[in-house]
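Results of the structural survey
So you can see what is in the structure, the chains are spelled out below.
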Amino acid sequence: MELRQIGVVRSAIKTRKEMPTLGAPAAIELLPGFEAGLLRFEKHSHIWVLAWLDQAERDILQVTPRGVSDQGPEGLHGVFAVRSPARPNPIGLTACRVRNVEGRLIQVERLDFIDGTPVLDLKPYFVTRDAIFSAGNSRIGLPATREALQESLWIQACNFHGEQCADLALGVRIVEDYRVRFHDMGEPERWRIAAPASRLCMVDALMGMTRTSLGRGTLKLHDTDSVKFFLEDGLAEYTISLEAPGDPQLVLRAPEKVLWEFWTSSTTS
Ligand SMILES: [Zn+2]
């Protein structure tokens, strides 16, 4: 077996330690002689990038991934069950959005490979085959910080909705708050949500972040202007008080008291 490097990552991030979990803006510079492979590349908004993680360990089969607080045997995962760079063949695989292509330089929105990483291949991301909406994962680790949680939720919501708007951001804030209050920033085993029928952008946000669906009944629409989360033994409700929709970036940073009133009730008492 023989691999040929086709390009190299250009990024402001020079070490793995500095790399944000969700990557950073970057470019892929194709090596001279590979440009012809970009013919009709512009047909695709997103691509898979395969890279050779040359600094990774190659002789271990179990690791404790980033974000896992249990450093004992419970935190150990087989390398084929995680995306850790450490593996027999340290191939990195990341889907990313293409921003611009100029000559041999492909700018992408965010990539989690450090500067200088050899690139092995680029493939189109096929939404018809690669997006499996109903796929699920059991929790591996928790977000490192609340900011990391919000960023991850925002990306999931934007990926689903395809544009940014105030109600999308409000949905992100609500799910973020709910996960912090009730699940130590993680996810419940099963989501059950009711959302306002009058805020369809927020419904998209909730679907994108929780993979709930109207068809399966894990998401329902109601006529009140609130989001309800059904707990094992009660209810958590966010009654929306945000009056005018505005800049989504402002909603992401607004104080909670201008966004909602929070209620919780127990069904066992
Ligand atoms: Zn919208």
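This structure is a prediction, so every number in the text was calculated from the model and none was measured.

Section: the sheet that holds strand β1 (residues 7-11)
Strand order around the closed barrel formed by 6 strands is β1-β2-β7-β6-β3-β8, with antiparallel pairing between neighbours. Shown here is a sheet whose adjacent strand axes are inclined to one another by a mean of 45°, direction ignored. As defined by bridge partners, strand β6 (residues 91-102) adjoins strand β7 (residues 105-111) across 4 bridges and the pair is classed as antiparallel. Residue pairing in the sheet places E102 in a bridge with L105 of β7.

A short note on the sheet that holds strand β13 (residues 260-266)
With mixed pairing, 5 strands are arranged side by side in an open sheet as β10-β9-β11-β12-β13. Every interior strand has two partners, whereas the edge strands, β10 (219-222) and β13, have only one. Within the sheet, the average angular offset between the axes of one strand and its neighbour, ignoring direction, is 15°. Pairing of strand β12 (residues 234-240) with β13, which is carried by 7 bridges, proceeds in the antiparallel orientation. The partner of G234 across the bridge, within β13, is S266. Its contacts with the sheet place helix α4 (residues 200-210) against β9 (193-196), β10, β11 (226-231) and β12, and it is angled at close to 155° to β9.

Observations concerning the domain arrangement of the chain
Taken as a whole, the chain is organised into domain 1 (7-130) and domain 2 (146-266). On a C-alpha basis, the centroid separation for the pair domain 1 and domain 2 is 30 Å.

Some words on the pattern of salt bridges
Counting across every chain of the model gives 14 salt bridges. Of the charged contacts in the structure, one is a salt bridge between D177 and R181, with a shortest N-O distance of 2.5 Å. Here the residue D177 and the residue R181 both occupy positions in helix α3 (residues 166-183), the gap between them amounting to 4 residues, near one helical turn. Here D177 falls in the buried class, since its relative accessible area comes to 3%. Look at R181 and you get partly exposed, because its relative accessible area is 41%. Among the ionic pairs, R211 bridges to E187, the shortest N-O distance being 3.5 Å.

Here we look at the environment of Q107
Take Q107: it is sitting in strand β7. A relative accessible area of 32% places Q107 in the partly exposed class. Remark: the alpha-carbon pair of Q107 and E29, spanning 78 residues in sequence, is separated by 8.7 Å. The residues touching Q107, leaving out its near neighbours within four places in the chain, are A26, A27, R97, V98, R99 and N100.

Topic: α3
Given a rise of 1.5 Å per residue, 18 residues ought to cover 26 Å, and the 25 Å separating the end C-alpha atoms of α3 matches this to within 8%. The buried fraction of α3 amounts to 15 of the 18 residues, a majority that puts the element mostly inside the structure. Looking one or two residues beyond α3, the residue adopting positive phi is D184, at roughly 55°.

Structural notes on the nonpolar core
Among the nonpolar cores identified, the biggest contains 37 residues, and L170, I174, L206, M209 and F229 are the most heavily contacted of them. The set of elements that each furnish at least two residues to this core consists of α2 (146-161), α3, β9, α4, β11, β12 and α5 (248-253). In terms of residue count, the dominant contributor to this core is α3 (8 residues). Apart from the residues lying within four places of it in its own chain, the contact partners of I174 are M202, V227, F229, Y238, I240 and W260.

What about the pairing of β10?
Pairing analysis gives 4 bridges linking β9 to β10, with the strands arranged parallel. When the sheet's bridge partners are listed, A195 is paired in β10 with L221.

A word on the coordination of the zinc ion
Ideal coordination angles are 109.5 degrees for a metal with four donors arranged tetrahedrally and 90 or 180 degrees for a metal with six donors arranged octahedrally. Surrounding the zinc ion are the protein donor atoms H161 (NE2), C165 (SG) and C201 (SG), which sit 2.2 to 2.3 Å from the metal. Summarised as a motif, the one-chain spacing of the donors to the zinc ion is H-x3-C-x35-C. Here C201 lies in helix α4 and H161 lies in helix α2, a separation of 40 residues in the sequence. Residue H161 is classed as buried on the basis of its relative accessible area of 16%. A relative accessible area of 26% means that C201 is categorised as partly exposed.

Quick notes on the rules
Residues numbered from 1 in each chain as written. Predicted model: local features only at pLDDT ≥ 70, side-chain atom pairs only at ≥ 80, totals over all residues. Heavy atoms only, no water. Pairing = 2+ DSSP bridges. Helix = DSSP H or I, 4+ residues; strand = E, 2+ residues; numbered from the N terminus. Axes fitted to C-alpha atoms, helices over the stretch in contact; angles between N-to-C directions. Contact = heavy atoms within 4.5 Å. Domains from an automatic or database assignment. Salt bridge = Lys/Arg side-chain N within 4 Å of Asp/Glu carboxyl O. Buried < 20%, exposed > 50% of the residue type's maximum accessible area, 1.4 Å probe, protein only. Expected span 1.5 Å × (residues − 1). Core = buried A, V, L, I, M, F, W, Y, C linked by side-chain atoms within 4.5 Å. Donors = N, O, S within 2.8 Å, 3.2 Å for Na, K, Ca; no water.

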